[in-house]
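# Observations on chain architecture
Each chain, letter by letter, is given below.
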Amino acid sequence: MHQPQAQSTVHQPLAGVRVLEMAQIMAGPTCGMMLADLGAEVIKIEKFPGGDDARQYQKPGDSAMPPSFRMINRGKRSLAVDIRTPAGKAIIQRLAGQCDVLTENFRIGVMERLGLGYQDLRHLNPGLIYCSITGYGRVGPLASKGGFDLILQAFSGLISATGEPDGPPVKPGVSIADTNAGILAALAIVSAYVHRLKTGQGQHVETSLLQASLQQTYWLAANYFSSGLETPRLGTAHSLIAPYQVFKTRDGGMVIGGGNPKAWISICEVLGHPEWSADPRFDHPQKRVQNRQPLEALINQVLAQEDTTTWCSRFDMAGVPAGPLNTAGQALEHEQSRAVGMVVDVPDGLGGTSRGLGSPLTFSGRSEVASTPAPHIGEHSREVLVELGYGESEVDALIEAKVVLQS
């Protein structure tokens, strides 16, 4: 079992934990980045010559280090190795024997066929925490299928529930399944690590894009399990609360959340129509939901008289949950995003710096991220192998045999 050597701090609680990342694209790398931001050493295994498939997700004008890859692979070292060869397999086995965690997102059975499954590696390292991220889970009739964010968002009902009432289903603009699976994997790993600290035992932890997607359907599931009915597409509106959606102002849009009776009364007062609170169409939460469309029309008519900033200020003064309808760029440029550490300056791997998303976790008032840039393919191959005990001549031979790539 690997014994952490680095000094853990309150700001980097996983310092000294070594992670072997055999995952690519988004879910697994998101997990690895979160662990790296918490102080863990993450060694990323990449195929070559192409490396992680996310390196190919480029648009015209992107640099040699694509932003999509750079965003979720900071703080990692890259070892490019052909794991299909006996020598490559031996490298992974030696690494697994010295790591605390291994993450992988291959299809069911691939790691086992390579002799790198949990049952194979636990004999080398009984304390190993082996984390698998699959598409549909490791059991059930669909276990053998590969998983992709779009497919699982559709399968889980997320896409069906998204969109305007009179329009077609719409995919949310973010990779919910992939991102949430990465977060859940990190939670499982940290929980298993706490268990290992207590017992010395490692274990196989799992999550899937299906589980990560279905977890996001709490309200949809509550409605279906209680009534047997599907929640209809409501645009930005809420199936149980009104007003609770996007509204139109003179210069754009804003959101208002009337989640309780007090907020509703305050909304009516801010809009200059206190009589609405006693209107028989709107004087009860269920009535406001039933009469959402006429209520929306009335609110939009009033909001059109002023700009978004003015209305947000008035609602803030009244203690009503409200805010502007920002674009992603507007949110990223807002000083509050920088203040909470979610916009940070990081090395870009090309000799300069770029902005990236920070860690959403704060420890004792501080939020830190891994300070090294996303790696080039095989950038650290020699370095990692020498640390594993390979001699320089052995590394040269592995590179010459095309078992390993050193960029």
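Everything in this summary refers to the structure shown in the same document.

What counts and what doesn't
- Each chain has its residues counted from 1, running along the sequence as written.
- In view of the model being predicted, local features appear only for residues whose pLDDT reaches at least 70, and side-chain atom pairs are presented and counted only at 80 or more, with totals across whole chains, interfaces and linings using the full set of residues.
- Here the side-chain values reflect all heavy atoms present in the structure, with hydrogen atoms and water set aside.
- Only DSSP runs of H or I reaching four residues or more are called helices, and only runs of E reaching two or more are called strands; each is numbered from the N terminus.
- Accessible area is worked out with a 1.4 Å probe on protein chains only. A residue is then buried under 20% of its type maximum, exposed over 50%, and partly exposed in between.
- Among buried residues, the Ala, Val, Leu, Ile, Met, Phe, Trp, Tyr and Cys ones that are joined through side-chain atoms within 4.5 Å form a nonpolar core.
- Contacts are assigned to residue pairs that have any heavy atoms within 4.5 Å of one another.
- In short, DSSP must find at least two bridges between two strands for them to pair.
- To get an axis, fit a line to the C-alpha atoms, keeping to the stretch in contact for a helix; angles then go from 0 to 180 degrees between the N-to-C directions.
- Every case where a carboxyl oxygen of Asp or Glu lies within 4 Å of a side-chain nitrogen of Lys or Arg is listed as a salt bridge.

## Quick notes on unusual backbone geometry
The omega torsion across F48 and P49 is 15°, close enough to zero to call that bond cis. Examined against the element boundaries, P49 turns out to sit in the loop between strand 2 (41-46) and helix 2 (67-71). Residue P243 is bonded to the preceding A242 through a cis peptide linkage, with omega at -5°. One can find P243 in the loop between helix 9 (218-227) and strand 7 (244-248). Phi is positive for S364, close to 50°, though the residue is something other than glycine. A relative accessible area of 58% means that S364 is categorised as exposed. Here K402, not a glycine, exhibits a phi torsion of approximately 60°, which is positive. Looking at where K402 falls in the secondary structure, it is placed in the loop between helix 17 (392-400) and strand 12 (404-405).

## Things to note about the nonpolar core
Among soluble globular proteins, nonpolar side chains are generally buried collectively. In terms of nonpolar packing, the biggest core is built from 30 residues, with V17, V19, L35 and I189 touching the most fellow members. Of all the secondary-structure elements, those providing two or more residues to this core are helix 1 (27-37), strand 5 (129-134), helix 7 (176-199) and helix 8 (209-214). Looking at which element gives the most residues to this core, the answer is helix 7, with 8 residues. Apart from residues lying up to four places away in sequence, L35 is in contact with L14, V19, A40, A186, I189 and V190. With 29 residues, the next largest nonpolar core counts L95, M111, Y390 and V404 among its residues.

## As for the sheet that holds strand 9 (residues 322-324)
Ordered by their spatial adjacency, 3 strands build an open sheet running 7-8-9, and the pairing between neighbours is antiparallel. One side of each edge strand has no neighbouring strand; the edge strands of this open sheet are strand 7 and strand 9. The mean inter-strand angle of the sheet, taken between neighbouring strand axes irrespective of direction, is 25°. In this sheet, strand 8 (residues 253-257) lies alongside strand 7 in antiparallel orientation, the contact comprising 5 bridges. Its bridge partner lying in strand 8, Q245 is registered against I256. Across the sheet, helix 12 (residues 292-303) touches strand 7 and strand 8, and the angle it forms with strand 7 is around 40°.

## Remarks on the pattern of salt bridges
Close approach of charged atoms allows side chains with opposite charge to pair. Across all of its chains, the model carries 22 salt bridges by this definition. D37 serves as the salt-bridge partner of R74, at 2.7 Å between the closest nitrogen and oxygen. One end of the pair, R74, is in the loop between helix 2 and strand 3 (76-81); the other, D37, is in helix 1, and 37 residues separate them in sequence. For the pair formed by R74 and D37, the shared burial category is buried. Of the charged contacts in the structure, one is a salt bridge between R314 and E306, with a shortest N-O distance of 3.7 Å. With relative accessibility at 36%, the residue R314 sits in the partly exposed group. Among the ionic contacts, a cluster of salt bridges with common partners joins R18, E41, R77, E383 and E387.

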